[in-house]
Amino acid sequence: MWRVRRAAVACEVCQSLVKHSPGTKGSLPLQKLHLVSRSIYHTHHPTLKLQRPQLRTSLQQFSSLTSLPLRRLKLSPVKYAYQPHRSFWPARLAARLLKLRYLILGSAVGGGYTAKKTFDQWKDMIPDLSDYKWIVPDIVWEIDEYIDLEKIRKALPNSEDLAKLAPDFDKIAESLSLLKDFFTTGSPGETAFRATDPGSESDKRYRKVSDKEKIDQLQEELLHTQLKYQRILERLEKENKELRKLVLQKDDKGIHHRKLKKSLIDMYSEVLDVLSDYDASYNTQDHLPRVVVVGDQSAGKTSVLEMIAQARIFPRGSGEMMTRSPVKVTLSEGPHHVALFKDSSREFDLTKEEDLAALRHEIELRMRKNVKEGCTVSPETISLNVKGPGLQRMVLVDLPGVINTVTSGMAPDTKETIFSISKAYMQNPNAIILCIQDGSVDAERSIVTDLVSQMDPHGRRTIFVLTKVDLAEKNVTSPSRIQQIIEGKLFPMKALGYFAVVTGKGNSSESIEAIRDYEEEFFQNSKLLKTSMLKAHQVTTRNLSLAVSDCFWKMVRESVEQQADSFKATRFNLETEWKNNYPRLRELDRNELFEKAKNEILDEVISLSQVTPKHWEEILQQSLWERVSTHVIENIYLPAAQTMNSGTFNTTVDIKLKQWTDKQLPNKAVEVAWETLQEEFSRFMTEPKGKEHDDIFDKLKEAVKEESIKRHKWNDFAEDSLRVIQHNALEDRSISDKQQWDAAIYFMEEALQARLKDTENAIENMVGPDWKKRWLYWKNRTQEQCVHNETKNELEKMLKCNEEHPAYLASDEITTVRKNLESRGVEVDPSLIKDTWHQVYRRHFLKTALNHCNLCRRGFYYYQRHFVDSELECNDVVLFWRIQRMLAITANTLRQQLTNTEVRRLEKNVKEVLEDFAEDSEKKVKLLTGKRVQLAEDLKKVREIQEKLDAFIEALHQEK
């Protein structure tokens, strides 16, 4: 710099000489000075005769990464002396001449270099259109055959030509030395300049002040230049965005329609989706990079993501936790700005406010659906793809904000759950941590920085982002504090880079464009840039997204092949384990096993229709009689048998049958039919199928059976129609032939014998073992059984005395029995006497009825004559015939309802249950379990991941 300043002084001297020297005929115009002259040419000076140097033609290599070669300046030492009577106008003249020529030379050199650099930058920004030649006419691609572009490029001035235009500083030094000799030829001992001038101190102070002002001015000019080029770059990017949008759009006329290739980032996102299903806990298998966005609650994570995605896609609330589960956002380039979920085909147009509102609502619904009852946050991930022109390709995961205190309405474990989710994502050694810090609050209140420093202590994969810088600059009294935050000096953490962004004025209705304009305007006028606290590349979300995208793809290229090799080894191990454990079984994953089980279950339901009508009716009739036999004997037959004549018997039977039919019998019949259908369905579902039976489906079949039965309801109109049929069957008393009469007697004997057997068992349990069992099996009676036995014996004596005794004991008879027992030293309670009498009388009555039944075997002849002139009355046989016929007709009716209606409805319910289970992944995991299932599931996932990784790596190499 001091050499340049001396040259400038010399130029001023020359200019003064030319302008004021009396020996000069005319001033030398500056336009006639040669641009590359190596000295100052004066035509009228008597002592100086210098020749104009020839133009140098040698070229020197130059690029944007190197600087122009500068030769060392060999200046002769200049001695300064004081000349009181000589002015310095020659020096001022020379300085002005040299200054002008430097401006001309600098403009020429800088203009040529800037033109070439701009051409190279524009050339690099032009997208690769090799995959879209079908859109542009062929004449465009053949233009290089008619115009030699390479020749034009070579014709532009290169670095050597530009270096040729630079001045020869050695010659300038020689010229300055000559000027020194010229100005010192006056009187001996005198010099052109005096070093010890009394005003030199003030000149130095003035020079210092002017240097400081120049430095400030240069810094301000540099800042304006940076911002200027930033705006130019944004404008070019916007134009490039529009061009790429046109290129990516399909031909509306349908000409040259071709299927576009799947983008690289979409392929990578699919790998992450499959991997997250395979390894939901993000263990050692999942080391593929993604950008993990972490920060304190309300630090501005969502706003930064929206600025990167260029759309308001996330739900928001003032001070309320809105991010309740991780959201994986895949950003990719596309012709239209749209968003769609991984499991949905609906596209949301992000340029329309109604679609944006619908997208935010859908994300909020999915978050609330993922959160289980009693929880506040969920580890389940929501996958969202966002496409648009100019978007940086990367995968970001927005995590719930880290909190310090659990407030009311939150689950008690919310804080720990958020920490565990964040750690699970950040423990991935290849995950890029985008740490968001609110710049408007005190740094000491930050929680996330400690967590980030634990996960990445060396800061090799962390990018620090300071949000709300406008509020920070306005509220913070010490600007150096912001610089300390940006540089990470206030936090115990390190980072790859530090960025400062502005995400709006706090108004949720602001558009992305408005926020971007506000951000740019703020940083143009911000003291942070003017005072060099921040560099131009450290501000705005646009620069942040570029840096994050570059870091993301660098990490992907460094780690993806290693991950692919890891999955190859895992696949080999799983395949070897399957071959050794299940050599004869096909590798069916959980979904394939479910489909196989579904077909088996539907086949078993269809087999219900193959049950014979006879089998249905036998089962229904037997089951119905077991259900109603107690009521028939206890509430109908026994009370009617206590009457004295046949007329009263029939009247009592008709009344009780009518009451039974109206209230209980149809409902009991439907219950029996439904239970019979369940039993048959369960038998088909659970019975083994021999060697083909696979017990892996047992839990699933049992769950399907229970859920189907739970959902099935018998037709409500069945009871009404069944009531009429049963009433008409019980009204009929006409036994048409002897065979029906014998069948009724047989049915009556079986019913009475079964009831008698039950009664004897009840008496035996009441009085204890008899003498035979006591002697043979060494059993004894309890004290209570002894009392019951004494009471039974006393009641049997009374019954033998009066075999026509009614069914109930009178109070005086109870007193007599009690006193007789007390006389033998047995204390009894009246209720015990009644309970014992009930069983004793039932056994006596049933034995009497069986004897009467034997007498009625030959009574069909008397029945046809209505028992006229006969002491034999077999009304009880007619009663059991009516019951038997009602059971047969009811069984037939229920069988028709089963085969025609209920089996089909049950099959429909089974299909609905299977469809519901197919959509419930948790249910399938719970019902289809075991080592075999898990091994097949892992093997399929690893194969799918490896195939997608191989395809992605191949596409990645092709893009290079």
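Higher on the page you've got the structure.
Residues numbered from 1 in each chain as written. Predicted model: local features only at pLDDT ≥ 70, side-chain atom pairs only at ≥ 80, totals over all residues. Heavy atoms only, no water.

Engineer: Looking at this structure, how should I read the overall build of the protein chain?
Structural biologist: Tallying secondary structure elements over the protein chain gives 32 helices and 9 strands in all. Of all 960 residues assigned to the protein chain, the portion counted as buried reaches 42%. The long-range fraction of contacts in the protein chain, counting pairs at least 24 apart against all pairs at least 6 apart in sequence, stands at 81%. Accessible surface, the protein chain as shown: approximately 54,200 Å² in total, 51% of it carbon and sulfur. (Helix = DSSP H or I, 4+ residues; strand = E, 2+ residues; numbered from the N terminus. Buried < 20%, exposed > 50% of the residue type's maximum accessible area, 1.4 Å probe, protein only. Contact = heavy atoms within 4.5 Å. Areas by Shrake-Rupley, 256 points an atom, 1.4 Å probe, with all protein chains shown as cover.)

Engineer: Explain the nonpolar core to me, please; I cannot follow it from the model alone.
Structural biologist: In summary, soluble globular proteins display a tendency toward joint burial of nonpolar side chains. In terms of nonpolar packing, the biggest core is built from 99 residues, with Trp625, Tyr637, Trp660, Trp741, Ile883 and Val910 touching the most fellow members. Among the elements that make up this core, the one with the highest residue count is helix α30 (residues 875–919) (17 residues). Counting residues in hydrophobic clusters, the runner-up holds 67 residues, among them Leu272, Ile308, Phe314 and Ile363. (Core = buried A, V, L, I, M, F, W, Y, C linked by side-chain atoms within 4.5 Å.)

Engineer: Any chance you could explain the pairing of strand β9 (residues 497–500) here in plain terms?
Structural biologist: Walk down a regular strand and you will see the side chains alternate between the two sheet faces. Because side chains alternate across β9, one face comprises the buried residues Gly497 and Phe499, and the other comprises Tyr498 and Ala500, equally buried. Here strand β8 (residues 462–467) pairs with β9 via 4 bridges, running parallel. Its bridge partner lying in β9, Val465 is registered against Phe499. (Pairing = 2+ DSSP bridges.)

Engineer: Honestly, the sheet that holds strand β3 (residues 338–341) in this entry has me stumped. Any pointers?
Structural biologist: To summarise the sheet geometry, strands pair through backbone hydrogen bonds and adopt either a parallel or an antiparallel arrangement. Taken together, 9 strands build an open sheet; the order of strands is β4-β3-β5-β2-β6-β1-β7-β8-β9 and the sheet is mixed. Two strands bound the open sheet, and with one partner strand each, they are β4 (348–349) and β9. Examined bridge by bridge, strand β1 (residues 291–295) and strand β7 (residues 432–438) share 5 bridges and lie parallel to one another. Looking at the pairing, Val294 lines up with Cys435 of β7. Across the sheet, helix α10 (residues 353–370) lies against β2 (327–332), β3, β4 and β5 (382–387), angled at about 160° from β5, the strand it touches most. In the packing of helix α12 (residues 448–455) onto the sheet, the strands contacted are β1, β7 and β8, and the crossing angle to β7 comes to about 160°. (Axes fitted to C-alpha atoms, helices over the stretch in contact; angles between N-to-C directions.)

Engineer: Would you explain a negative patch on the surface in this entry?
Structural biologist: Together, Glu380, Glu912, Glu915, Glu919, Asp920 and Glu922 make up a negatively charged patch on the protein surface. Sorting elements by how many residues they give to the negative patch places α30 first, with 3 residues. Note that Glu915 resides in helix α30. (Patch = residues over 30% accessible without salt bridge, like charges linked within 9 Å, V, L, I, M, F, W, Y side chains within 5 Å. Salt bridge = Lys/Arg side-chain N within 4 Å of Asp/Glu carboxyl O. Lys, Arg positive; Asp, Glu negative; His and termini not counted. Charge placed at Lys NZ, Arg CZ, Asp CG, Glu CD.)

Engineer: What should I look at first to understand the pairing of strand β6 (residues 394–398) in this one?
Structural biologist: The element β6 is largely enclosed, with a buried count of 5 among its 5 residues. Because side chains alternate across β6, one face comprises the buried residues Met394, Leu396 and Asp398, and the other comprises Val395 and Val397, equally buried. Strand direction decides the pairing type here: β1 and β6, joined by 3 bridges, are parallel. Residue Val291 lies in a different strand from β6, and its bridge partner there is Leu396. Judged from the 5 bridges that link them, β2 and β6 form a sheet pairing that is antiparallel. When the sheet's bridge partners are listed, Leu331 is paired in β6 with Met394.

Engineer: Before we go on, may I ask you to explain the pattern of salt bridges in this structure?
Structural biologist: Where charged atoms from two side chains of opposite charge come close, those side chains can pair. For the structure on display, the rule yields 39 salt bridges. Between Arg733 and Asp654 there is a salt bridge, with the nearest N and O atoms lying 2.1 Å from each other. Taken together, the positions of Arg733 in the loop between α23 (717–731) and α24 (738–767) and Asp654 in helix α20 (residues 646–663) put the pair 79 residues apart, joining distant regions of the chain. As a salt-bridge pair, Glu907 and Lys911 come within 3.9 Å of each other at their nearest N and O atoms. Of this pair, Glu907 and Lys911 both sit in helix α30, separated by 4 residues, roughly a single helical turn. A cluster of three or more residues bridged by salt bridges with shared partners is formed by Arg571, Glu575, Glu587 and Arg943.

Engineer: In this structure, what is going on with the packing of aromatic side chains? I would like to understand it.
Structural biologist: Given two aromatic rings, one states the distance between the centres and the angle between the planes to describe the pair. Under the counting rule described, the total for this entry stands at 17 aromatic pairs. Judged by centre distance (6.1 Å) and plane angle (65°), the rings of Phe747 and Phe880 are edge-to-face. Here Phe747 is found in helix α24, whereas its partner Phe880 is found in helix α30, with 133 residues between them in sequence. The class for Phe747 is buried, based on a relative accessible area of 10%. The buried category is assigned to Phe880, whose relative accessible area is 1%. Aromatic rings pair up to connect Trp625, Tyr637, Phe747, Trp837, Tyr841, Phe845 and Phe880 into one cluster. Directly above the ring of Phe341 sits Arg366, whose terminal nitrogen or CZ lies 4.0 Å from the centroid. Over the ring of Phe594 we find Lys924; its NZ or CZ atom is 5.7 Å from the centre of that ring. (Phe/Tyr/Trp six-rings, centres within 6.5 Å; stacked < 30°, edge-to-face > 60°. Lys NZ or Arg CZ within 6 Å of the ring centre and 35° of its normal.)

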